[in-house]
Amino acid sequence: MTKNKKIPETDALIQYDNRLFFAQTLAIGQKTGEITPERIDEIHEDTAVLSHKLITIKAEDFASSTAIRNHIQEAFALTSIGLEYGSKGDLEKSVLLLNKNRTIKFFQIGNTLVDGLVARAQNTLEAAILRVLEQPMPLNIAPKEIPVFNDWEREFLESISGRKLVIDAAQVVLDHISMPHPITNLEEIAVANRQLDNFDLRLCYFQALPQEKVFAPDLLFQISDDLPRQITQALMVNLILYRKIDFQLTPEDWDTFDDIAYDPVVHAVKKEMRGKLLAWIGHYLNSLGQPEEVQKYAVKYWEYCLDRLEIELNPGGAL
């Protein structure tokens with residue numbers, strides 16, 4: 001490639017997306033004169049080369065200007081993440097680092113960080129699942145599987161696999177997502193990792209439940225976009241009605257629970273019932289020697305499940 005020959009979109013991204021740490025570094029460096037015009041040309045050249053490599057590797061339609069621009073943007077984003085990581089978010093230090101190092105170094109750092117996040121999300125898709133083999137069982141029958149993530153959370157995990165993010169903050173449970181957007185900074189990586197931490201903690205909680213009861217042969221759950229929540233709510237009802245760990249429920253059980261535990265005046269599970277349930281799960285996990293972080297997460301998870309249960313029991317809520 002000829003020296004100083006730049007992809008037009010490269011300049012456009014620098015000028016347009018000033019949210020990128022990389023763009024902010026360039027703007028400050030040019031303003032102070034610490035990044036010379038000659039160095040700017042070198043940076044443009046390096047970025048163009050990186051963009052071309054991404055386009056060559058990933059682009060399916062070389063005639064698509066949108067696809068090409070997306071790969072250029074990805075090169076910028078990964079470089080920006082690496083630069084932010086190397087400078088610890090200090091723009092003055094970032095200017096110095098960018099002057100002393102080739103752009104590809106920061107691209108490689110950013111790419112490594114995002115690759116690590118992608119690998120973790122893909123592992124969660126495969127590992128955050130309860131599996132119990134039936135014995136005896138025909139060889140052509142797969143083991144039962146229950147993911148500990150819901151349908152919204154599956155979309156989150158799949159979006160990370162595509163190097164995109166669909167949330168703005170980590171939550172105990174995801175029950176909505178936003179439009180996918182490229183991962184462009186360290187905070188977004190941290191948000192995604194915090195959400196993945198929650199899945200790890202939730203898996204520990206579900207693994208602590210008696211698996212032979214969760215996978216009882218005659219246990220049938222309703223079709224749901226959140227089977228883990230449904231399992232937990234079934235356990236809550238059994239604890240209140242029968243004071244035992246079980247997941248079997250009948251329509252009559254739900255009616256009885258509604259009569260006993262739900263206050264239609266305030267549209268909520270009675271305070272004393274809620275308190276007993278939250279205390280029970282904390283004590284149960286503690287008695288099994290589960291770490292404190294698992295206990296704390298499980299209590300928050302149960303609070304969420306109780307909140308959703310209240311909506312389901314409220315005649316005006318979603319069934």
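The model shown is predicted, which means the values in this text are computed figures rather than measured ones. (Residues numbered from 1 in each chain as written. Predicted model: local features only at pLDDT ≥ 70, side-chain atom pairs only at ≥ 80, totals over all residues. Heavy atoms only, no water.)

K.L.:
Sorry if this is basic, but what is going on with the nonpolar core here?
P.N.:
One broad trend across soluble globular proteins is that nonpolar side chains are buried collectively. One finds Phe 156, Tyr 205 and Trp 302 to be the most contacted residues of the largest nonpolar core, which totals 67 residues. When residues of this core are assigned to their parent elements, the largest contribution, 10 residues, is made by helix H13 (residues 292-313). With residues near it in sequence (within four places) discarded, Phe 156 still touches Leu 165, Val 166, Ile 167, Leu 174, Ala 192, Gln 195, Leu 196 and Phe 199. The next biggest cluster of nonpolar side chains, apart from the first, holds 16 residues, and it includes Leu 26, Ile 40, Ile 55 and Ile 72. (Core = buried A, V, L, I, M, F, W, Y, C linked by side-chain atoms within 4.5 Å. Buried < 20%, exposed > 50% of the residue type's maximum accessible area, 1.4 Å probe, protein only. Helix = DSSP H or I, 4+ residues; strand = E, 2+ residues; numbered from the N terminus. Contact = heavy atoms within 4.5 Å.)

K.L.:
Any chance you could explain helix H10 (residues 227-242) here in plain terms?
P.N.:
Three or four residues apart is the spacing at which side chains of an α-helix point the same way, because the helix has 3.6 residues per turn. The first and last C-alpha atoms of H10 sit 22 Å apart over 16 residues, in line with the 22 Å expected at 1.5 Å per residue. Burial runs high along H10: 14 of the 16 residues are buried. Among the residues of H10, the N-terminal cap falls to Asp 226, whose side-chain oxygen and the backbone nitrogen of Arg 229 are separated by 3.2 Å. Trailing H10 by a residue or two, Arg 243 shows a phi angle of about 55°, which is positive. (Expected span 1.5 Å × (residues − 1). Polar contact = N/O pair within 3.5 Å; in protein donor to acceptor, adjacent residues only side chain to side chain.)

K.L.:
What's the story with unusual backbone geometry in this structure? I'm lost.
P.N.:
Negative phi characterises most residues that are not glycine, and trans characterises most peptide bonds. Positioned with a positive phi, Lys 88 is a non-glycine residue whose angle comes to about 55°. The phi torsion at Arg 243 lies on the positive side, around 55°, for a residue other than glycine. One can find Arg 243 in the loop between H10 and helix H11 (251-261).

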